[in-house]
Amino acid sequence: MFERVQFFLLAMAGMVAGGCVVVQQALNATLRSELSSSAFWAAFVSYTAGMLTLLFVLVVTREPWPALSMIAKSSPLSWIGGIFGTVYIVASIMLLPRLGAMTVIALLITGQMLTSVAFDHFGLLGLTQRPIDMYRAAGAVLLILGVLLVRT
């Protein structure tokens, strides 16, 4: 019983986070039109707001600074995640007004699912290897079909 309640709460948190993506993209697209059609400035403002929010949370929760020894041991590759976030944010800002929120989010989720299948299947970037099976393949195909259905 506890596992079901826990899964339900985690699923709800995931859905709220997913809803936040839609709100963020819509606000960013609006900001783009207000900032002389600059997707890059809109993305910069979005990242700045996010950084300030995280700084506030770090101060309030009194998170300790990472030890220099831990930073030195970390992989240089692990520090470039923000580059991919920038591509995601700028592309979303540029696509949302042209394709609509539902199609863009469907495309983003499909891209995330297909990339996730590959990362799991091959165990990329240190993930536990989880080979693709017929259920995962069917889920990916259904997402692609979903994009085709919502784009019209």
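Quick note: structure is the one above.
Residues numbered from 1 in each chain as written. Predicted model: local features only at pLDDT ≥ 70, side-chain atom pairs only at ≥ 80, totals over all residues. Heavy atoms only, no water.

**Quick word on the side chain of Thr110**
Right, on to step 1. Residue placement: Thr110 occurs in helix H5 (residues 101-122).
Right, on to step 2. Leaving out residues up to four positions away in the same chain, Thr110 has contacts with Leu143, Ile144 and Val147. (Helix = DSSP H or I, 4+ residues; strand = E, 2+ residues; numbered from the N terminus. Contact = heavy atoms within 4.5 Å.)

**With respect to the side chain of Gln25**
Right, on to step 1. Here Gln25 shows up in helix H1 (residues 2-34).
Right, on to step 2. Residue Gln25 is classed as buried on the basis of its relative accessible area, which comes to 0%.
Right, on to step 3. Non-local contacts of Gln25, meaning those with residues more than four positions away in its chain, are made with Tyr88, Ile89, Ser92, Ile93, Leu96 and Ile105. (Buried < 20%, exposed > 50% of the residue type's maximum accessible area, 1.4 Å probe, protein only.)

**Regarding the nonpolar core**
Right, on to step 1. Counting residues in each nonpolar core, the largest one holds 7 residues, listed as Leu31, Ala39, Ala42, Ala43, Ile89, Val90 and Ile93.
Right, on to step 2. Those elements giving two or more residues to this core turn out to be helix H2 (39-61) and helix H4 (81-99).
Right, on to step 3. Excluding residues within four positions of it along the chain, Val90 makes contact with Ala39, Phe40 and Ala43.
Right, on to step 4. Ranked by size, the runner-up nonpolar core spans 5 residues in total, among them Leu96, Val104, Ile105 and Leu108. (Core = buried A, V, L, I, M, F, W, Y, C linked by side-chain atoms within 4.5 Å.)

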